[in-house]
Amino acid sequence: MSVKDVAIIGQGPAGLSAAIYTSRAGLDTLIIGCAPKVAGDYDIDNYFGFPAGIKGNELIELGCEHAAKYGTQLSCEKVLAIHMQPDMTFKIKTDYGEYQARTVILATGVSRVRPGIKNISEYEGKGVSYCVSCDGFFFKGKKVVVVGEGVFAANQAIELKEYTPYVSICTQGKEPEIPENYMQHLQELDIEIMKGKIQNLEGEQFLEKAHFEDGTTLDVDGLFVAMGEASSLDFAYSLGITTQKNFIEADHEQKTNVPGVFAAGDCVGRFLQISVAVGEGAIAARSAIKYIKGLRKQE
Ligand SMILES: Cc1cc2nc3c(=O)[nH]c(=O)nc-3n(C[C@H](O)[C@H](O)[C@H](O)COP(=O)(O)OP(=O)(O)OC[C@H]3O[C@@H](n4cnc5c(N)ncnc54)[C@H](O)[C@@H]3O)c2cc1C
């Protein structure tokens, strides 16, 4: 597998802006992500240079064209997990395959979907977790349920099987959106998919039961939340990046506390606007370029 210089997660204004800078600087750049929410039929009236306004989808299409012109590779895939390797590169698992990169720029916007379980916060750290690679180990041989409807949840459930045979998925009342190859794998691993909706949790000190809307109850020691797509917060948990509330912490150079990982745009949560995302993307790119130059000097 060839190692990319820069893997940018997110194809929104922050990611595209970063890619234009890193590609122009000659770095081998990959953007992983599909069209962002703003790429619809929305009028953008406050972005510099478009006094008559521009549609969100046009702006993003032009951004993609601009990045591709300088050699950025764009791939519409969902990132499921990012792990740092012993050689300090990053392995990025997607719903289609794997990539390896020397640096990562997180530009995933704000995307965390809440599961809608009433008292879930009472059990956070007492059975409820958001990160299998961080906490899966603590549930060896125990009963766990992954709450989520998509390929992210499927991947988390498959990872959990390394720790315990008792793994199921609960889609919280949604229809599963899991591709056939993942479905087959779940069947092979005997991971049941429940379509009910967990309403609230119970347990003296730690989680013991999940109560469903239809009145049924599931005995469970661990509940892993993996709704919708993996978000920057999920990547932060597994990489050890510090966060503040629901956002990634990045300094004025868009550096996170993990060397080689940068963050830009809405996922940093400063001012959720296109102009800010574009600016932070440029700064993150400059920092990534500096980091790669440093690595090359050491070689
Ligand atoms: C309807 C709407 C209208 C808006 N109007 C305006 C406006 O008029 N003016 C203005 O300044 N701002 C506006 N905004 C806000 C603006 O869109 C955001 O501030 C801006 O898009 C943030 O850019 P970003 O690149 O940080 O994140 P986003 O644009 O949200 O892009 C995030 C990217 O990350 C990808 N992603 C997320 N998770 C994953 C994953 N697990 N794997 C792979 N990819 C992933 C998404 O697919 C997407 O490509 C609007 C937003 C919306 C939704």
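Just so you know, these numbers come straight off a predicted model, no measurement behind them.

1. Side note on the overall build of the protein chain
Okay, step 1: In terms of regular secondary structure, the protein chain is built from seven helices and 19 strands.
Okay, step 2: Rg of the C-alpha trace for the protein chain: 20 Å, near the compact-globule value of 19 Å for 299 residues, within the 12% margin.
Okay, step 3: When burial is assessed residue by residue, the protein chain has 50% of its 299 residues classed as buried.
Okay, step 4: Counted over contacts in the protein chain with a minimum sequence separation of 6, partners at least 24 positions apart contribute 60%.
Okay, step 5: When the accessible surface of the protein chain is summed, it comes to about 14,500 Å², and 50% of that surface belongs to carbon and sulfur atoms.
Okay, step 6: Charge-centre separation for the protein chain: the mean point of 29 positive side chains lies 6 Å from the mean point of 39 negative side chains.

2. A word on unusual backbone geometry
Okay, step 1: The phi torsion at Asp190 lies on the positive side, around 60°, for a residue other than glycine.
Okay, step 2: Note on Asp190: relative accessible area 62%, which makes it exposed.
Okay, step 3: Positive phi, normally seen in glycine, also occurs at Gln254, with a value near 65°.
Okay, step 4: Tracing the chain through its elements places Gln254 in the loop between strand S18 (247-248) and strand S19 (261-263).
Okay, step 5: Judged by its relative accessible area of 2%, Gln254 falls in the buried class.

3. What about the sheet that holds strand S10 (residues 144-147)?
Okay, step 1: Taken in spatial order, the five strands make up an open sheet running S9-S16-S10-S11-S12, and their pairing is parallel. The open sheet has two free edges, formed respectively by strand S9 (128-129) and strand S12 (192-194), since each of these has just one partner strand.
Okay, step 2: One ladder, built from four bridges, connects S10 with strand S16 (residues 222-225); its direction is parallel. For Val144, the partnering residue across the bridge sits in S16 and is Gly222.

4. A few points about the state of the cysteines
Covalently bonding the sulfur atom of one cysteine to the sulfur atom of another cysteine gives a disulfide.
Okay, step 1: For the structure on display, the rule yields one disulfide.
Okay, step 2: As a non-bridged cysteine, Cys64 has Cys76 as the owner of its nearest cysteine sulfur, 10.0 Å distant.
Okay, step 3: The class for Cys64 is buried, based on a relative accessible area of 17%.

5. Looking at the site of the ligand
Okay, step 1: Close contacts around the ligand come from 30 residues, with Cys34, Val79, Glu229, Ala230 and Asp266 the closest.
Okay, step 2: Measuring from a nitrogen atom of the ligand, one finds a side-chain N or O atom of Asn46 at 2.9 Å.
Okay, step 3: With respect to the ligand, the side chain of Glu229 contributes an N or O atom lying 3.1 Å from a nitrogen atom.
Okay, step 4: In the complex, the protein chains occlude 83% of the 1,000 Å² of accessible area that the ligand would expose alone.
Okay, step 5: Taken together, the residues of the shell around the ligand break down into 15 nonpolar, nine polar and six charged.

6. Points about the environment of Ile292
Okay, step 1: Assignment of secondary structure puts Ile292 in helix H7 (residues 274-298).
Okay, step 2: Among the residues examined, Ile292 registers a relative accessible area of 1% and is labelled buried.
Okay, step 3: Note: C-alpha distance between Ile292 and Val6 (286 residues apart in sequence) is 8.8 Å.
Okay, step 4: The contact partners of Ile292, leaving out residues within four places of it in the chain, are Asp5, Leu27, Arg102 and Thr103.

7. Digging into the domain arrangement of the protein chain
Reports often express the size of an interface as the amount of accessible area lost when the parts come together.
Okay, step 1: Along its sequence, the protein chain is organised into domain 1 (4-111 + 231-297) and domain 2 (120-225).
Okay, step 2: The C-alpha-based centres of domain 1 and domain 2 are spaced at 30 Å.
Okay, step 3: Each side of the interface is counted separately: domain 1 has nine residues, and domain 2 has nine residues.
Okay, step 4: Area buried by domain 1 at its contact with domain 2 is led by Leu80, Asp234 and Tyr237, which between them contribute 56% of it.
Okay, step 5: The interface formed by domain 1 and domain 2 contains one residue pair in polar contact (both at pLDDT 80 or more).
Okay, step 6: The element that contributes the greatest number of residues to the side of domain 1 that touches domain 2 is helix H6 (residues 232-239), accounting for three residues.
Okay, step 7: Taken together, the residues of the side of domain 1 that touches domain 2 break down into two nonpolar, three polar and four charged.

8. Details of the side chain of Ser129
Okay, step 1: With respect to the helices and strands, Ser129 occurs in strand S9.
Okay, step 2: Judged by relative accessible area, Ser129 falls into the buried class, the value being 3%.
Okay, step 3: Residues in contact with Ser129, not counting those within four places in the same chain, are Asp135, Leu223, Phe224 and Val225.

9. Some words on the packing of aromatic side chains
Okay, step 1: Scanning the entire structure with this criterion turns up five aromatic pairs.
Okay, step 2: Measuring from centroid to centroid gives 6.2 Å for Phe262 and Tyr291, while their planes differ by 75°, and the two rings are edge-to-face. Of the two residues, Phe262 is situated in strand S19 and Tyr291 in helix H7; the sequence distance between them amounts to 29 residues.
Okay, step 3: Lying over the aromatic face of Tyr70, Arg24 brings its terminal NZ or CZ to 5.2 Å of the ring centre.

Cut-offs used in this document
- Residues numbered from 1 in each chain as written.
- Predicted model: local features only at pLDDT ≥ 70, side-chain atom pairs only at ≥ 80, totals over all residues.
- Heavy atoms only, no water.
- Helix = DSSP H or I, 4+ residues; strand = E, 2+ residues; numbered from the N terminus.
- Rg over C-alpha atoms; globule rule 2.2 N^0.38 Å.
- Buried < 20%, exposed > 50% of the residue type's maximum accessible area, 1.4 Å probe, protein only.
- Contact = heavy atoms within 4.5 Å.
- Areas by Shrake-Rupley, 256 points an atom, 1.4 Å probe, with all protein chains shown as cover.
- Lys, Arg positive; Asp, Glu negative; His and termini not counted.
- Charge placed at Lys NZ, Arg CZ, Asp CG, Glu CD.
- Pairing = 2+ DSSP bridges.
- Disulfide = S-S within 2.5 Å.
- Near = heavy atom within 4 Å.
- Polar contact = N/O pair within 3.5 Å; in protein donor to acceptor, adjacent residues only side chain to side chain.
- Nonpolar A, V, L, I, M, F, W, Y, C, P; charged D, E, K, R; others polar.
- Domains from an automatic or database assignment.
- Buried area = accessible area lost by both parts, 1.4 Å probe.
- Phe/Tyr/Trp six-rings, centres within 6.5 Å; stacked < 30°, edge-to-face > 60°.
- Lys NZ or Arg CZ within 6 Å of the ring centre and 35° of its normal.

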